[in-house]
Amino acid sequence: CYRMLKPGGALIFTTSCLGPILGKEKVYWRFTPYSVKYLMEKFFLPKNVKIFEYGNALAGQCFWVGMAQEDINVQALKVTDKRFPCVVGCIAIK
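Model, not experiment: these values are computed from the prediction.

Colleague: What is the right way to read helix H1 (residues 33–40) from this model?
Modeller: Residues spaced three or four apart along an α-helix face the same direction, because each turn holds 3.6 residues. Listed as buried for H1 are Pro33, Ser35, Val36 and Met40. Looking down the long axis of H1, one finds its buried residues gathered within 165° of arc, a one-sided arrangement. Buried-residue contacts for H1 involve strand S1 (10–16), strand S2 (49–54) and strand S3 (87–93).

Take a look at the structure:
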């Protein structure tokens, strides 16, 4: 993707990250905020990489059992838990 971007072009990347991030150990064997940052910084300057994470254990559980948004408290879904992100996003500028 990097070589296809024009100078100043932006890569917008999102991926799922359903699973806990426990303890101080950084997980790199699946997409986590740490692994996405590591991958993007191999190609983009670190100052041009911004990582986002969204979700929590409740959002992950609701996804797995197929609950509708109307079935739960929407405010509880808006909470981001860094120990259990459901989605990892990144914006990287060339």
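On we go.
Colleague: I tried to follow the packing of aromatic side chains on my own but got confused; where do I start?
Modeller: For any pair of aromatic rings, the description consists of the separation of the ring centres together with the inter-plane angle of the planes. Applying the stated criterion to the full structure yields five aromatic pairs. Between Tyr2 and Phe44, the aromatic rings sit 5.0 Å apart at their centres with planes inclined by 80°, giving edge-to-face as the arrangement. Taken together, the residues Tyr2 in the segment before S1 and Phe44 in the loop between H1 and S2 connect sequence positions 42 residues apart. Judged by relative accessible area, Phe44 falls into the buried class, the value being 5%. Note on Phe13 and Phe31: the rings are 5.8 Å apart at their centroids and 70° apart in plane angle, and the pair reads as edge-to-face. Of this pair, Phe13 sits in strand S1 while Phe31 is found in the loop between S1 and H1, placing the two residues 18 residues apart along the sequence. Given a relative accessible area of 23%, Phe13 falls into the partly exposed group. On the basis of relative accessible area, Phe31 is assigned to the partly exposed category, the value being 37%. A cation over an aromatic ring shows up here: Lys94 above the ring of Tyr2, its NZ or CZ 4.7 Å from the ring centre.

Colleague: Explain a nonpolar patch on the surface here, please?
Modeller: Among the surface-exposed residues, Tyr28, Phe31, Tyr34, Tyr38 and Leu39 lie close enough to one another that they form a single nonpolar patch of about 500 Å² accessible area. The topology assignment puts Leu39 in helix H1.

Colleague: Hey, could you run me through the pattern of salt bridges in this one?
Modeller: One side chain can pair with another of opposite charge once the charged atoms of both are near each other. One pass over the structure, following the stated rule, counts three salt bridges. One salt bridge connects Lys37 with Glu41, and the closest N-O pair in it is separated by 2.5 Å. A relative accessible area of 37% places Lys37 in the partly exposed class. When the shortest N-O distance is used, the salt bridge between Glu53 and Lys82 registers 3.6 Å. Taken as a pair, Glu53 in strand S2 and Lys82 in the loop between helix H3 (74–77) and S3 lie far apart in primary sequence, 29 residues in all.

Analysis parameters
Residues numbered from 1 in each chain as written. Predicted model: local features only at pLDDT ≥ 70, side-chain atom pairs only at ≥ 80, totals over all residues. Heavy atoms only, no water. Buried < 20%, exposed > 50% of the residue type's maximum accessible area, 1.4 Å probe, protein only. Helix = DSSP H or I, 4+ residues; strand = E, 2+ residues; numbered from the N terminus. Arc of directions from axis to C-beta. Contact = heavy atoms within 4.5 Å. Phe/Tyr/Trp six-rings, centres within 6.5 Å; stacked < 30°, edge-to-face > 60°. Lys NZ or Arg CZ within 6 Å of the ring centre and 35° of its normal. Patch = residues over 30% accessible without salt bridge, like charges linked within 9 Å, V, L, I, M, F, W, Y side chains within 5 Å. Areas by Shrake-Rupley, 256 points an atom, 1.4 Å probe, with all protein chains shown as cover. Salt bridge = Lys/Arg side-chain N within 4 Å of Asp/Glu carboxyl O.

Interpretation in functional terms is not warranted from these geometric data alone.
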